[in-house]
Amino acid sequence: MSRIYRLLQDVEGPLFLYVNLRWRRAALNGLFRALTLLGGAAFSLSFSLSAALLAPHPWNGVGWQALAAVALSHLPVAVAKRSAPRLRPYQVFPQAHTTRNPLRDASFPSGHTTAAFAALTPWMAAQPSLIPVLLPVAIGVGLSRIYFGLHFPSDTLAGALIGVSTALIVSVWIG
């Protein structure tokens, strides 16, 4: 796996460094900080549970789907992080900008991006008119993880695929 990661690093390293170093702006710091919080497990689980419990029918069903998708999507994330560990970009590129207390677990795949796509995909599937609003939010969560030096682009792409796949499976299973 380390050969694949080295190959990916050679291919996506310049893109990572461009986003991480060249996009540095005060306005983006706040925006990406907010987006990264939206992709955290605490927010995505609590938002989905709140919708499941408090939203009127049929939206409460979408909340249950989102909750199940977020919870279930983290099983493949945990397996991948343990079975195919990858250094975080700030550990590979000393010039990378990162947060004060950066995560030290494996980089691949991005759990935040997984959670964002798992939580938001059921809403987009139930109401396609939400796609222009929610898809940029989910993509923004992935970009925030690159911006803060915590994930490579392929980590966030894998997280997006896991999140969407899990959400679609759950919507077929539950919905």
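Keep in mind that what you see is a predicted model, and the values were worked out from it rather than measured.

Enquirer: So what's going on with the overall build of the protein chain? Which residues, and what values?
Expert: Helix and strand content of the protein chain: eight helices and zero strands. Element order for the protein chain, N to C, with α for helix and β for strand: α-α-α-α-α-α-α-α. The dimensions of the protein chain, computed from C-alpha atoms along their principal axes, are 50 × 35 × 25 Å. Across the 175 residues that make up the protein chain, the buried fraction comes to 46%. By sequence separation, contacts in the protein chain at least 24 residues apart represent 78% of the contacts at least 6 residues apart. Carbon together with sulfur atoms contributes 70% to the accessible area of the protein chain, which is approximately 9100 Å² in total. Here the protein chain contributes 13 positive and 4 negative side-chain charges, whose respective centroids are spaced 8 Å apart.

Enquirer: So what's going on with the nonpolar core? Residues and values would help.
Expert: If you look at the biggest cluster of nonpolar residues, it comprises 25 residues, and the most contacted ones within it are Phe 16, Phe 93 and Trp 123. At the level of elements, α1 (2-22), α2 (26-38), α4 (59-83), α6 (111-126) and α7 (131-147) are the ones that each hand at least two residues to this core. With residues near it in sequence (within four places) discarded, Phe 93 still touches Gln 9, Gly 13, Phe 16, Leu 17 and Phe 152. Formed by eight residues, the second largest nonpolar core is a distinct cluster that contains Ala 69, Ala 118, Ala 167 and Val 170.

Enquirer: Residues and numbers for helix α3 (residues 41-54), please.
Expert: Turn by turn, an α-helix covers 3.6 residues, leaving residues three or four places apart pointing in a common direction. With 14 residues, α3 extends 19 Å from end C-alpha to end C-alpha; this agrees with the ideal 20 Å at 1.5 Å per step. Among the residues making up α3, those that are buried are Ser 44, Ser 48, Ala 51 and Ala 52. Along the long axis of α3, the arc covered by the buried residues comes to 100°, so they all point the same way. Exposed residues pointing more than 90 degrees away from the buried face of α3 are listed as Ala 42, Leu 53 and Leu 54. Those residues of α3 hidden inside the fold are in contact with α2, α4 and α6.

Enquirer: A description of the packing of α6 against helix α8 (residues 153-174) should follow, citing residues and the corresponding values.
Expert: Packing of α6 against α8 leaves a shortest axis separation of 7 Å and a crossing angle of 35°. The two elements α6 and α8 cross, and the hand of that crossing is right-handed. Residues Thr 113, Thr 114, Phe 117, Ala 118, Thr 121 and Pro 122 of α6 lie in contact with α8, whose contacting residues are Thr 156, Gly 159, Ala 160, Ile 162, Gly 163, Val 164, Ala 167 and Leu 168.

Enquirer: Can you tell me about α8, naming the residues and giving the values?
Expert: An ideal rise of 1.5 Å per residue puts 32 Å on 22 residues; α8 measures up with 31 Å between its terminal C-alpha atoms. Those residues of α8 that fall on the buried side of the exposure criterion are Pro 153, Ser 154, Asp 155, Thr 156, Ala 158, Gly 159, Ala 160, Ile 162, Gly 163, Thr 166, Ala 167 and Val 170. Those residues of α8 that are buried are in contact with α1, α4, α6 and α7.

Conventions we followed
- Residues numbered from 1 in each chain as written.
- Predicted model: local features only at pLDDT ≥ 70, side-chain atom pairs only at ≥ 80, totals over all residues.
- Heavy atoms only, no water.
- Helix = DSSP H or I, 4+ residues; strand = E, 2+ residues; numbered from the N terminus.
- Buried < 20%, exposed > 50% of the residue type's maximum accessible area, 1.4 Å probe, protein only.
- Contact = heavy atoms within 4.5 Å.
- Areas by Shrake-Rupley, 256 points an atom, 1.4 Å probe, with all protein chains shown as cover.
- Lys, Arg positive; Asp, Glu negative; His and termini not counted.
- Charge placed at Lys NZ, Arg CZ, Asp CG, Glu CD.
- Core = buried A, V, L, I, M, F, W, Y, C linked by side-chain atoms within 4.5 Å.
- Expected span 1.5 Å × (residues − 1).
- Arc of directions from axis to C-beta.
- Axes fitted to C-alpha atoms, helices over the stretch in contact; angles between N-to-C directions.
- Left-handed = near helix turned anticlockwise from the far one by under 90°.

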